[in-house]
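Each chain, written out:
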Amino acid sequence: MQKLFTLIRRNKVKSIFCFLAIIYLIFCQSCMRMRMNSKETKEFFTASKTAYIDSSKEINGFTIHYIETGKKDASTLLFVHGSPGSWDAYKDYLKDSLLLSKYRMIAIDRIGFGYSDFGKAENLSTQSSIIEKFTKLTTNGKPIYLIGHSLGGPTIVQMAAEKPNDYATLVILAGSVDPKAETPENWRVIVKAKPFRYLVPGALRPANDELWYLKNDLYDLEAELKNLTSKVIIVHGTKDQLVPYSNVAFMRREFVNAKSLEIISIKDADHFIPWTHFKEIRDVLFKLE
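Residues numbered from 1 in each chain as written. Predicted model: local features only at pLDDT ≥ 70, side-chain atom pairs only at ≥ 80, totals over all residues. Heavy atoms only, no water.

Student: Any chance you could explain the environment of L288 here in plain terms?
Tutor: With respect to the helices, strands and loops of the structure, L288 is situated in the segment after helix 11 (278–286). With a relative accessible area of 14%, L288 lands in the buried category. Taking the C-alpha atoms as reference points, L288 and K231, 57 residues apart in sequence, are found 9.9 Å from one another. The residues contacting L288, other than those within four sequence positions of it, are L77, Y103, Y145, T169, V171 and I233. (Helix = DSSP H or I, 4+ residues; strand = E, 2+ residues; numbered from the N terminus. Buried < 20%, exposed > 50% of the residue type's maximum accessible area, 1.4 Å probe, protein only. Contact = heavy atoms within 4.5 Å.)

Right under this line is the structure:
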């Protein structure tokens, strides 16, 4: 009888473990997508009485989802988020009254995030190429200012290096541009492989994939930095633990042909400056033209 009870207990533990494992796998596939759905988007902009466009463009087999606010005939602020993330990383900028009075603003979901082919990570070159084509489809003929946070930083740098005449100014927020500042993180290749990748929840999966690509992508980009001729503004926190402040010195050294280079160091700030230092960054954007 005791053996029977022991067997039942063991089977119960196994059943509970299997149940929890299944629940976790379902969670991984359906949660932590880090995006606002259309209802949440509507509620957000309705609360601030901000007119907006919620739309997508099909480009070379990819979908780019975006939100647009502001003046249709004004210069464009194009916001590119980091990894992971989506357009809503910049939602407070899109409803800001000062910026709305001066600019057309567009915030995209990069490929693999939000509602742009969610889960399908691409390297830096593909990301920048598709966003470049997106700007061609959405242009109103006025100047375009690129704003990129974290991995969005090298994305906009690559865009401007490849099309140096297309963009008026780059605003790089805590951008990871120096390949030597990227740690090896060899564990990422293990997490990237099947079946382990299915244990990574939501938007963290494409984020892991593209961060694994990034180091090699940045070495490729380094050779093109001399082509960058736009104005550049770098904003970086001195205590950034995710993207080292040493990136600033690298960009200062490598952006030799930039039309102008302004560096704004935020003392003791971490990686999350778009949110923790909203006013300072909003004021930088407002003064772009």
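There is more to say, and it comes next.
Student: Just to check I follow, could you spell out the nonpolar core for this structure?
Tutor: Formed by 36 residues in total, the largest nonpolar core has its most connected members in L78, I108, V157, L170, I172 and F255. Discounting chain neighbours no more than four positions away, the residues touching I172 are G148, G153, I156, V157, V232, I233, I234, V235, M251 and F255. Of all hydrophobic cores here, the second largest spans 29 residues; its members include L94, A107, V171 and I233. (Core = buried A, V, L, I, M, F, W, Y, C linked by side-chain atoms within 4.5 Å.)

Student: I'm lost on the environment of F45 in this one. Help?
Tutor: Looking at the element boundaries, F45 is found in helix 2 (residues 38–47). Linking F45 and L94, residues 49 residues apart in sequence, is a C-alpha distance of 9.0 Å. Sequence-distant contacts of F45, defined by excluding residues within four places in its chain, comprise T50, Y52, I67, T69, W87 and L94.

Student: Explain the packing of helix 6 (residues 152–162) against helix 8 (residues 204–222) here, please?
Tutor: Across the interface, helix 6 lies against helix 8 with an axial gap of 11 Å and an inter-helix angle of 30 degrees. What the angle tells us is that helix 6 and helix 8 run roughly parallel. The two elements helix 6 and helix 8 meet at a crossing, and its hand is left-handed. Here helix 6 contributes P154, V157 and Q158 to the contact with helix 8, which in turn contributes L214, L218 and L221. Split by residue class, the contact of helix 6 with helix 8 holds five nonpolar, one polar and no charged. (Axes fitted to C-alpha atoms, helices over the stretch in contact; angles between N-to-C directions. Parallel < 35°, antiparallel > 145°, perpendicular 65-115°, else oblique. Left-handed = near helix turned anticlockwise from the far one by under 90°. Nonpolar A, V, L, I, M, F, W, Y, C, P; charged D, E, K, R; others polar.)

Student: Explain the pattern of salt bridges to me, please; I cannot follow it from the model alone.
Tutor: If the charged atoms of two oppositely charged side chains come close together, the side chains can form a pair. Evaluated as defined, the whole model comprises nine salt bridges. Of the charged contacts in the structure, one is a salt bridge between K136 and E132, with a shortest N-O distance of 3.7 Å. In this pair, K136 and E132 both sit in helix 5 (residues 124–138), four residues apart, roughly one turn of the helix. Across the pair D283 and K279 runs a salt bridge whose closest N-O atoms are separated by 3.1 Å. Taken together, the residues D283 and K279, both in helix 11 and four residues apart, mark about one turn of the helix. When its relative accessible area of 52% is taken as the criterion, K279 is described as exposed. What you see here is one network of salt bridges that share partners, running through D96, K279, R282 and D283. (Salt bridge = Lys/Arg side-chain N within 4 Å of Asp/Glu carboxyl O.)

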